[in-house]
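Examination of the molecular architecture
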Amino acid sequence: MIKSFQSYYCLTTSNKQLVDVFTKEEIKKVTLLGLTNSKNSNFGEWYTEVVTTSEIIEYYDISGCYTLLPWAMAIWKRMQNFFDPEIEKMDVEPCCFPLFVSKDALQKEKDHITGFAPEVAWVTKSGDTDLEIPIAIRPTSETVMYPYFSKTIRGHRDLPLKLNQWVNVVRWEFSSPTPFISREFLWQEGYTAFATKKEAYTEVLAILELYRRLYEEYLAVPVVKGKKSEMEKFAGGLYTTSVEAFIPNTGRGVQGATAHCLGQNFAKMFDITFEDEKQEKSEKRDKAMVWQNSWAYSTRTIGVMVMVHGDDKGLVLPPKVAKVQVIVVPMPYKDADVENILNACSTTVKTLCDSGILAKADLRDNYSPGWKYCHWEMKGVPLRIEIGPKDLANNQVRAVRCDNGAKVDIPMTVLVNKVKGMMDTIQQSMFDVAKQKRDACIQVTKTWDEFIQALVQKKLILAPWDDEEDT
Ligand code: 86X
């Protein structure tokens, strides 16, 4: 009976009817629709289920590695399309350094590598033959890039040097990996060098603001900008700034992106020096060390977005990063209407696409409208447009929001403007709701007891802090 269930399902329209006959698990197994876990009762299972069922992630046979499917890469591309032009305006140039690091180079900055050493993945063989010297896969690229910085920076005219690359890196972390918080991930890594401290300090804040905008304006995730404590900063640098997101369900903060001011530590280690203007004219021609920054955000951003916005029906994508912003579903129920309705769907999609909205029609005839609703809700498409006989007769469409289920009839005559407006509304409303939920978790604590209590209650704690190690 279960085997022939899919065709049975296609003939029915009401999801509720099915639930009465089969368990949720049985329905999911056969239709591949719906979630068996709920966000509030078992968050961890819900997360892994939602990323696989929505087809953004595919599991892989190596632990900690996941395939980013087109639905995920579309989000990543949009984030790149925002960030790349912004850093280009700041004269940051694209580059691509090798994936491999020699042992010598990797160990050059011993102090900063020590704690990380267990996370480095090594290539030790080619075929059956041992490599003479094992080579590491980059966990980050300081040691790959800075020899080049040292070589290419001679005088003040070579500064500032600003490079960025979009690559994958590998960190064999042992804390349980999960989709988007994985051992191999994609990121942008920016490395810059300046003649003065002031320029470096200014850039760190400019990049941090881009990270805030990325989260808040694109992913609709509220973040807090800040400076890490001495304990939490990148040990190789001078100070670390970050944007931090909050996941209400776990009560935990997540580091969203970091921008480090490295000071002159790496300049000293890698001999990245220049003859500055004043000194050039003097007899001594002393070398001055450059001031450096590094900054990165990774595909972890997508995981944070899923955790913040996803619900019990699946993903909920902010319009600004969704591969498909509007899905158009026909609702034919009498044979006579079919052709007209399908035509209306195609026309609607064309009208929307012509005005820059990412719309798509799901005209497949082997799935019921109900199945399609669940499917696209699972994938988080911000707006569903349904067109049935009644809509056709009234020269309108019905629009349903993915984020809150709100339904509205839109006259065809104002379709484009209305849908554009709804994209903005959904984007803003997703941010507002997420911010409201986060802010509701904030608790001010002034004593250690209050602090512990708030932690247990999954609060986001606001506490006095003087950055003394003892405190
Ligand atoms: C710290 C610091 C920094 C450039 C960024 O956060 C932005 C982009 N890098 C990264 N870090 C390491 O230095 C590191 C080093 C090794 Cl060898 C490792 F295996 C893991 C690491 N993880 C983080």
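Now for a description of the structure that goes with this document. Not measured: the values here are computed from a predicted model.

Regarding its fold elements, the protein presents 17 helices and 21 strands. Relative to its full complement of 471 residues, the protein shows a buried share of 48%. Taking the contacts inside the protein whose residues are at least 6 apart along the sequence as the reference set, 65% of them involve residues at least 24 apart. Per element, the accessible surface of the protein, about 24100 Å² overall, is 52% carbon and sulfur. When the 58 positive and 63 negative side-chain charges of the protein are each reduced to one mean point, those points stand 3 Å apart.

This part takes up the site of the ligand. Taken together, 17 residues lie around the ligand, and His112, Thr140, Glu142, Arg171 and His260 are the ones closest in. Here an oxygen atom of the ligand and a side-chain polar atom of histidine 260 are 2.7 Å apart. Residue assignment for the shell around the ligand shows that the elements contributing at least two residues are helix 7 (110-113), strand 8 (184-194), strand 11 (252-263) and strand 14 (291-298). Broken down by element, the residue count for the shell around the ligand peaks at three residues, all from strand 14.

A few words on the sheet that holds strand 6 (residues 129-137). The sheet built from three strands is open, its strands ordered 4-6-5 with antiparallel pairing. The outermost strands of the open sheet, each flanked by one partner alone, are strand 4 (100-102) and strand 5 (122-126). The sheet shows a mean angle of 50° between the axes of neighbouring strands, taken without regard to direction. Two elements, strand 5 and strand 6, share four bridges in a ladder whose sense is antiparallel. Within strand 6, the residue paired with valine 123 across the bridge is isoleucine 135.

Here we come to helix 14 (residues 369-378). Across the 10 residues that make up helix 14, a large majority, nine, are buried. Downstream of helix 14 by one or two residues, glycine 380 has phi in the positive range, about 80°.

As a further point, take unusual backbone geometry. Here leucine 159 and proline 160 are connected by a cis peptide whose omega angle stands at -5°. Position of proline 160 among the secondary structure elements: in the loop between helix 8 (142-152) and strand 7 (161-170). Even without glycine at this site, glutamate 55 takes up a positive phi of about 60°. Looking at where glutamate 55 falls in the secondary structure, it is placed in the loop between helix 4 (43-53) and strand 1 (57-59). Even without glycine at this site, alanine 220 takes up a positive phi of about 55°. Its location among the elements puts alanine 220 in the loop between helix 9 (197-218) and strand 9 (224-227).

The next thing to look at is the pairing of strand 11. With respect to burial, strand 11 is a largely interior element, nine of its 12 residues being buried. Sheet analysis places strand 10 (residues 239-247) next to strand 11, joined by nine bridges and oriented antiparallel. When the bridges of strand 11 are listed, threonine 240 appears paired with histidine 260. Where strand 10 folds back on strand 11, the antiparallel hairpin that results is connected by four residues, among which glycine 251 adopts a positive phi of roughly 70°. Of the strand pairs in this sheet, strand 11 and strand 14 are connected by five bridges, and their pairing is antiparallel. Note on strand 14: the bridge partner recorded for cysteine 261 is asparagine 293.

Glancing now at the sheet that holds strand 19 (residues 407-411). Read from one edge to the other, the open sheet built from five strands follows the order 16-15-17-18-19, with strand pairing classed as mixed. Taken across any chain shown, the strands that pair with only one partner, and hence form the sheet edges, are strand 16 (359-361) and strand 19. Neighbour to neighbour, the strand axes of the sheet diverge by 25° on average, direction disregarded. Sheet topology note: the strand 15 (residues 326-330)/strand 17 (residues 383-387) ladder contains five bridges and is parallel. Paired with proline 330 across the two strands is isoleucine 387, which belongs to strand 17.

A cluster of nonpolar residues, Trp448, Ile452, Leu455 and Val456, forms a patch on the protein surface that exposes about 450 Å² of accessible area. Position of leucine 455 among the secondary structure elements: in helix 17 (residues 448-456). You can call leucine 455 partly exposed: its relative accessible area is 46%.

Right, let's get into the pattern of salt bridges. For the structure shown, the criterion picks out 19 salt bridges. The partner of glutamate 86 in a salt bridge is lysine 89, and the shortest N-O contact between them spans 3.1 Å. Linking glutamate 86 with lysine 89, this pair stays in helix 5 (residues 70-89), spanning three residues, or about one helical turn. Put simply, arginine 213 and glutamate 86 hold a salt bridge, and the shortest N to O gap is 3.9 Å. Remark: glutamate 86 occurs in helix 5 and arginine 213 occurs in helix 9; sequence separation between them is 127 residues. Given a relative accessible area of 22%, arginine 213 falls into the partly exposed group. On the basis of relative accessible area, glutamate 86 is assigned to the buried category, the value being 16%. Each of Glu86, Lys89, Arg213 and Glu217 takes part in a single network of salt bridges with overlapping partners.

About the thresholds
- Residues numbered from 1 in each chain as written.
- Predicted model: local features only at pLDDT ≥ 70, side-chain atom pairs only at ≥ 80, totals over all residues.
- Heavy atoms only, no water.
- Helix = DSSP H or I, 4+ residues; strand = E, 2+ residues; numbered from the N terminus.
- Buried < 20%, exposed > 50% of the residue type's maximum accessible area, 1.4 Å probe, protein only.
- Contact = heavy atoms within 4.5 Å.
- Areas by Shrake-Rupley, 256 points an atom, 1.4 Å probe, with all protein chains shown as cover.
- Lys, Arg positive; Asp, Glu negative; His and termini not counted.
- Charge placed at Lys NZ, Arg CZ, Asp CG, Glu CD.
- Near = heavy atom within 4 Å.
- Polar contact = N/O pair within 3.5 Å; in protein donor to acceptor, adjacent residues only side chain to side chain.
- Pairing = 2+ DSSP bridges.
- Axes fitted to C-alpha atoms, helices over the stretch in contact; angles between N-to-C directions.
- Patch = residues over 30% accessible without salt bridge, like charges linked within 9 Å, V, L, I, M, F, W, Y side chains within 5 Å.
- Salt bridge = Lys/Arg side-chain N within 4 Å of Asp/Glu carboxyl O.

Any functional reading would require information that these geometric values do not contain.
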